[in-house]
Structure formats: C-alpha cells, structure tokens
Amino acid sequence: MDWSKTLVKEEINFEGNQEGRKLSYAAAIKEGLELAMTNDERVFVMGQGVDDPVGMFGVTNGLQEKYGEDRVFDTPLSENGLTGVAVGAALAGMRPFYMHNRPDFLLLTMDQIVNHAAKWNYMFGGCSTGVPLVIWACVGRGWGGAAQHTQTLQGLFMHIPGLRLVMPTTPYDAKGLLITAIAEQNPVIIMEHRWLFKQSGHVPEGLYSIPFGRGVVRRQGKDITIVAISHMVVETMAAVPELEKQGIDVEIIDPRTLKPLDEALILESVKKTGRLVVADTGWKTGGVGAEIAALVAEKALKFLKSPVQRIGSLDIPTPSSSVLETKFYPGKANVVTACLEAMGRV
Amino acid sequence: MKLNIPASPLVYDTELKDIPRKTLRDLYRVMLRIQKVELKVDELYHEDEMKTPVHLCLGQEAIAAGVCSNLNTEDYVFTNHRGHGHYIAKGGDIKKMVAELYNRETGCSRGRGGSMHLIDVAAGLLGSSSIVAGNIPIATGAALASAIRKDKRVAVTFFGDAAVEEGVIYESVNFAMLKKLPVIFVCENNLYSVFSGLSKRQAHGDIYRRFTGLDIPGIRIDGNNVVDVYRTAKEAVARARKGEGPTFLECQTYRLRDHHGTASGADVGYRSQEEVDAWASRCPVKNFERFLLKQKLITPNNIKELSGAIDAEIKVAFQFAQASPLPKEGEVANYLFK
C-alpha cells in the first residue's frame, strides 16, 4: 500500500495539545520533509539554493548530505522550464518538491503551473498518471523588500481550477499539511510567510497529516467571525486583547487551505455571529477576501447584521520605505478598525 | 512570395545492411497507418461530427515513424497539438484516438481533451500540450525521473519550428545538458507557424545549430526520409540510454495541410500551389513505398495486403467512435483531480 494511504488521518487538536515537544517553524517543515523523503524514495527536492548554507530559511540544511545529490539539488534560474521538468518527473512517477525563495518567482512559471500542471488530469479525462507535484514558496516580507520580493499571490492561484492551495500558520500545520501535500496525487502550492518563521509550537513526532479543506477555529467568540489567512492569523490574535477591552468577542477561523476551502466552517460561524471580517495578506481587489465575502453573500447573506469588512494590502505594488510599508501592510490595527466597523461603532 | 522548395529530391541510401528488412517494412507500415488515419479524418472532417480543431500531420509521417521505431513501450513520448502521428507511432490505441476526435466518452481523454490532447499511458505516450513548447520541459522532467531511478528509459519531445522561439526550450536544453538527461528533442521544422513563414520569425534558419553554445549535438536531417530519421534517432536513443545525454534533431519537413483543418493553404495566399505540389511530390510514404518496391524489399501483393488490413482497422475505429456515447452532461466536473 502506498505510504500516503497509511498516514494518520485523524487530526490532532492543536488548541488542546500544547504540552508536548516544541519545534521552530523551520524545524517542523524540515522534519516533515525528511520523514516524507525517508518514507518514499520517489520524493525529491529541487530549487534555487536548496543546498546552500542558508538552506531555504533553514528548511533544507543537511538534506543533500543525507539524501544525496540526485534527490536534493540546486536548479538553474529557469523557473518555467524547471516547473515543467517537475511536472514531467511527476508524470513519470516521481514526487517532486520544488522550492522557491519568493512567490514572486512563480510568476515566471505560470505557463507550466496553470496551462499544464493544473489541467493535466482534467484535459486527459482522468487518464493521466496524475501530477503529484508540490511547489513551495515563502512570502518574502522583510525590510524594504519592495515590489518584486514581497508579493502574496494566493489570489491568483485560488482562481485556478485543478490546484490545491495551502497556507499554514503554525509549525504543527506546516508539517502536517506538507506531509499531506507530498502524499497528494495532484499539484499543490504551499505558500509560506517569512514572518511565520518566528513561530514555534507543539509538533508531534513522526508522520501525521492534516486533511485539506479543513480549517480550525483559533478562538471561539460570539460577535464577529474573522477569517484570517496565513500571517494575518497572528495579527488577528494580537488584536484580541484590544478587542476584548472594547467588549468585542471575536471568533477566529484559520482555513489553512484555500483550495479546497472549508466553507462549512466559515458559514456555520457566520450564522452564529452574524458578522464577517476577512483578513488576508494579499491585495483586496479580486482576492481571497473577495472570494470569501462572496461565498458568505451567496450562502449566508440573511444572517449578516452588518456589511462584510475586508482587510488586505493596498492595491499598489509594495513600497520600500518603512513609512510607506507600514501604511501598505495590513496589521492588528486594521483588524481592530474593521471589527469596530462591523459592530457599527465607527 | 518566397518559395520554400527543397533543393534536393528525396533519395534513399541503397546500402541498408544496418537495417533489418522487417524494420524497413515496419517503418513503411507505421507511416502508412498514420497517413491513412489522417486521410480518413481529412475526408470526414467536413461532416462536423469531429468537433475539435484537427492539426493533420500529412507530409510529416516519417519523423514519428522513424523516431518511435527506436523506442520501447516504457520509453516516454510527449507530443504537441499536431500529435496524431506520434500517438500512432508510439503504439497508441487508434480506436480511442478516433473516439477522442469524435468527443466521445470512450476517447483516450474521455472527450475532455480533443485532437490536441491525446494520451495513452500504457503505450508510453504520457500526454500532449497545445501550448507551443509546453511539452519540452515536461519530457525533460520525465528523463530526469529516468536518470534519478537509473531505469534507462528515454524521453522524446516532438515540437514544431516555432517552439524554438520560446524561452522554455533554452531552459530545457540547458538543464538536460547540465544533468546529461536521456531526452531527445525532435524539432519538426515544417517551415510555418500557422500562416507565418520561418524567415519572418527567426533571425537565423539553422535551427539545428541553435543550442551549440550548450554543446548539445545538433543534427539536421531530411525529415521526409524515414531511413535518415530512423538511423539518426537510433544513435540518439543509444546515446541517451548509455547516459551520454540529450540530442537535438532538426527534421526538415512540410505539412501538406493548413495549420489546422483540411485545406492546403494555397488558396489563401500564404504559400503557393507550386510550393505545396513540390512538397507533395516528396511524400515520405509514397516515395518510400516506391523505393521498397524497386529494391524488392516488398512486393505489390504485400502492399495490397497491408493496405487492406489497415483500412479494415480504420473502418472499425471510426465505427467504434461514431457508435460510442458522448460524455454525460452531469459528469462535466469529473476528473479535475486524480
């Protein structure tokens, strides 16, 4: 039996299990990758600098020494071509894990991701061998990174049928979702966020997988449903003390995967609270926030007591100067403001 | 209008000791099969029952036959929008291909792909892309899988002359050379991209020399000469299997029909009847047939029998396709994921 089929399917309740071993975010991803590589010799890791001293944010350090140059190798700066190479290797029975320092570089690969990987199974009526390919990229928000090294492009990929889109927040999720992604027989994009690498948390040892399409409630509340994506989960959690002071009891949902999206979890929460705030790291227009707002408008409009509030970055390229960056990136202050708006207090 | 007429006639080497007689007959049989299927599509396309844009490979049969004759079933082929010939030469199921042209549930892609998306995994044809050059890195990746596993499979990508204008082929050839991958890049230079002649699109016409800076062997051959194609591909496949890396083949040829559909193009003016006729006289199938007869490698009776058997097979394939059910409306969203 395929090892991916024997994985633990039951999800461990993250909220209730903070007692065990703690790992850094990078160590959690690395552990997941090593377990997958040890379990399945079809898995290989490629990407610009996966064997360099920095080791892709510390995720791939030592992997080449452990698994050899055939299974862990640096790539030319030919993102589209190498994505096609990964697609072909996947079709020929391997399980490539292609890593990028920045999602910005994925824009060079759109032909192979969108025209090929995402469509291969459908356009051959399910008669293909499938494309078990994982593309991993880490949002590079930093210090003056400017317009071409900081983009959060989940909205683009959410639009494309045939892809899985994963955006973890915790070390526990990063490892479990990565293992699920590698076991998946379809193309998966994992979009990490550099600032999440500051996190550490409970991570069980061994293989465990987190099913796609199942979000988690990070905090229960009765007044507002906040659907927060990736790093915005952290910002939203940080806004909670201020919101409590204002007497606002928010429910925070982390969908963890955007494709598939846990619609039921979001809709149930909105039916309870009657208010929705969507907090995304990406652009507002045509983005993830727009999609989730539309979902609620279609399926739970009559439960809404106030207009949906969308938080995202400004609809401009990322500026470099820190003064402008502060204005550009959404943060906990935006969450507080949006919640006050939702409560009709502004 | 510039005339793209070949300077030399189609001449076969009479010293054929390196090629068994059976192989020569097989090459002829595969080409004839491709040609006959294409002619049947050509004949019936006007009925509008094949609701898919067909890109016929009439005139280019020798390349598919000559290359694929050197491959094993488990070797990989990736083709493009003009892929009927490659599918047939690699051993794809003709019934399923014709059913796909008729958009049927019994088609090789269950009516989801059409003429430009043929697949037969059991035959080693892992798919086709209608994005020009899209299949090139994918075949390179299949070769990477073979290299990692060390299972000696060879991957072949078939593409047209316009594919060398895409950046991704440079990326693929570089990577294939870097890793010495068992992949063969087969360029079918038929001189046109839709209506645009090669000289309007490329700064230099020597496609086979395009990647010499990467040290990949680049070879130009008469793509209508099935013996030349067979021999050159044989060497390339042998090199690939031995781990000596990729080869780039430029096969000079001509499509006798338009980019898609069944017209020849002479009436709309992007090429002349004189040019089409000159290339039609270089038909890879008919010329090879004459050669085999002249060399007494085949008899008129052999040809008659072979031709009859292929006609019968094609008749069955078209009947199967026409009688097959269309996909069910309610299943439109099936197969998005594996």
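Remember, predicted model here, so these are calculated numbers, not experimental data.

### A look at the overall build of chain A
What chain A contains, in helices and strands, is 13 helices and 14 strands. Here the C-alpha atoms of chain A give a radius of gyration of 20 Å, agreeing with the 20 Å that 2.2 N^0.38 yields for 346 residues. Seen along its three principal axes, the alpha-carbon backbone of chain A occupies a region of about 60 × 45 × 45 Å. Per-residue burial over chain A gives 55% buried out of 346 residues. If you take every contact in chain A between residues at least 6 apart in sequence, the share linking residues at least 24 apart comes to 81%.

### Side note on the overall build of chain B
When helices and strands are tallied, chain B shows 10 helices and 8 strands. Computed over C-alpha atoms, the radius of gyration of chain B comes to 19 Å, within 12% of the 20 Å expected from 2.2 N^0.38 for 338 residues, which places it in the range of a compact globule. Excluding contacts between residues fewer than 6 apart, the proportion of contacts in chain B whose partners are at least 24 apart in sequence is 75%.

### Some details on helix H7 (residues 226-241) of chain B
All names here are of chain B. Compared with the 22 Å implied by 1.5 Å per residue over 16 residues, the 22 Å span of H7 between its first and last C-alpha is a close match. Every buried residue of H7 is listed here: Val 226, Val 227, Asp 228, Val 229, Tyr 230, Thr 232, Ala 233, Ala 236, Val 237 and Ala 240. The secondary structure elements touched by the buried residues of H7 are helix H1 (21-44), helix H2 (61-68), strand S4 (183-189), strand S7 (218-222), strand S8 (247-252) and helix H9 (284-294). Just beyond H7, the residue with positive phi is Gly 243, at close to 85°.

### A word on the interface of chain B and chain A
Each side of the interface is counted separately: chain B has 36 residues, and chain A has 36 residues. Every element with two or more residues in the side of chain B that touches chain A is listed here: strand S2 (125-128), helix H5 (135-149) and helix H6 (167-178) of chain B. The greatest single-element share of the side of chain B that touches chain A, amounting to 10 residues, is contributed by H5 of chain B. Partitioned by chemical class, the residues of the side of chain B that touches chain A number 19 nonpolar, 13 polar and 4 charged.

### Structural notes on the sheet that holds strand S13 (residues 276-283) of chain A
All names here are of chain A. The strand order across the open sheet formed by 5 strands is S9-S11-S10-S13-S14, and the pairing between neighbours is mixed. Of all strands in the sheet, those with a lone pairing partner are strand S9 (216-219) and strand S14 (309-313), marking the two edges. Across the sheet, the mean angle from the axis of one strand to that of its neighbour is 25°, orientation sign disregarded. Across 4 bridges, strand S10 (residues 224-228) lies against strand S11 (residues 250-254) in parallel orientation. Bridged to Val 227 within S11 is Ile 253. The strands that helix H11 (residues 288-300) touches are S10, S13 and S14; relative to S13, the one it contacts most, it runs at about 155°.

### As for the sheet that holds strand S7 (residues 188-193) of chain A
Residues and elements named next belong to chain A. Spatially, S3-S2-S4-S5-S7-S6-S12 is the arrangement adopted by the 7 strands of the open sheet, whose pairing is mixed. In this open sheet, the two edge strands, each paired with only one partner strand, are strand S3 (72-73) and strand S12 (257-259). Here strand S2 (residues 43-47) runs beside S3; their pairing, made up of 2 bridges, is parallel. Among the inter-strand pairings, Met 46 is bridged to a residue of S3, identified as Phe 73. Contacts between helix H8 (residues 171-183) and the sheet are confined to S2, strand S4 (95-100), strand S5 (134-139), strand S6 (164-166) and S7, with S7 contributing the most and set at about 160° to the helix.

### Digging into the packing of helix H9 (residues 231-245) of chain A against helix H13 (residues 332-342) of chain A
Geometrically, a packed helix pair is captured by the angle between its two axes and the distance between the axes. All names here are of chain A. Contact geometry of H9 with H13 gives a least axis separation of 8 Å together with a crossing angle of 55°. Viewed along their axes, H9 and H13 adopt a mutual orientation that is oblique. Crossing geometry of H9 relative to H13 is assigned as right-handed. Side by side, H9 and H13 meet where Glu 235, Thr 236, Ala 238, Ala 239, Glu 242 and Leu 243 of the first sit next to Lys 332, Val 335, Val 336 and Cys 339 of the second.

### So, the environment of Val 285 of chain B
Residues and elements named next belong to chain B. Assignment of secondary structure puts Val 285 in helix H9. With 23 C-beta atoms packed within 10 Å, Val 285 lands in the buried category. Along the backbone, Val 285 and Gln 295 are 10 residues apart, and their C-alpha atoms lie at a distance of 15 Å.

### A few points about the domain arrangement of chain A
Residues and elements named next belong to chain A. Domain boundaries in chain A define domain 1 (3-202) and domain 2 (216-342). A separation of 25 Å is found between the C-alpha centroids of domain 1 and domain 2. Contributing elements (two or more residues each) for the side of domain 1 that touches domain 2: helix H7 (154-158), S6 and H8. Residue composition of the side of domain 1 that touches domain 2, grouped by class: 14 nonpolar, 8 polar and 2 charged.

### So, the environment of Arg 219 of chain A
Residues and elements named next belong to chain A. Of note, Arg 219 is situated in strand S9. When the 16 C-beta atoms within 10 Å are taken as the criterion, Arg 219 is described as partly exposed. When neighbours within four sequence positions are excluded, Arg 219 is seen to be in contact with Val 240, Val 250, Glu 251 and Ile 252.

### A look at the environment of Ser 193 of chain B
Relative to the helices and strands, Ser 193 of chain B resides in strand S5 (residues 192-193). On the neighbour-count criterion, Ser 193 of chain B (18 C-beta atoms within 10 Å) is partly exposed.

### Considerations on H13 of chain A
Residue and element names in this part refer to chain A. Among all positions of H13, only Asn 334, Val 335, Ala 338, Cys 339 and Ala 342 are buried. Within H13, the buried residues cover an arc of 135° as seen down the axis, which keeps them to one side. Those residues of H13 that are buried are in contact with S10, H9, S11, S13 and S14. Looking one or two residues beyond H13, the residue adopting positive phi is Gly 344, at roughly 75°.

### Considering the confidence of the model for chain A
Per-residue pLDDT for chain A averages 93, and the proportion of residues at 70 or more is 95%. This stretch, residues 1-16 of chain A, has a pLDDT under 50; its non-local contacts, to residues over four places away or in other chains, come to 23 contacts.

### Regarding the pairing of S10 of chain A
Residues and elements named next belong to chain A. For S10, the tally of buried residues reaches 5 of 5 residues, placing the bulk of the element in the interior. Alternating residues of S10 divide into Ile 224, Ile 226 and Ala 228 and Thr 225 and Val 227, and every residue in both groups is buried. Handedness of the crossover is the feature at issue here: the chain leaves S10, passes through H9, returns alongside S11, and the resulting connection is right-handed. Two strands pair when backbone bridges link them, and S10 and S13 are joined in this way by 4 bridges, in the parallel orientation. Within the sheet, the bridge partner assigned to Ile 226 lies in S13 and is Val 277.

Reading guide: rules and limits
- Residues numbered from 1 in each chain as written.
- Chains lettered and ligands numbered in written order.
- Predicted model: local features only at pLDDT ≥ 70, side-chain atom pairs only at ≥ 80, totals over all residues.
- Helix = DSSP H or I, 4+ residues; strand = E, 2+ residues; numbered from the N terminus.
- Rg over C-alpha atoms; globule rule 2.2 N^0.38 Å.
- Buried ≥ 20, exposed ≤ 12 C-beta atoms within 10 Å, placed from the backbone.
- Contact = placed C-beta atoms within 7 Å.
- Expected span 1.5 Å × (residues − 1).
- Nonpolar A, V, L, I, M, F, W, Y, C, P; charged D, E, K, R; others polar.
- Pairing = 2+ DSSP bridges.
- Axes fitted to C-alpha atoms, helices over the stretch in contact; angles between N-to-C directions.
- Parallel < 35°, antiparallel > 145°, perpendicular 65-115°, else oblique.
- Left-handed = near helix turned anticlockwise from the far one by under 90°.
- Domains from an automatic or database assignment.
- Arc of directions from axis to C-beta.
- pLDDT = per-residue confidence, 0-100.
- Right-handed = clockwise from strand over helix to strand, strands pointing away.

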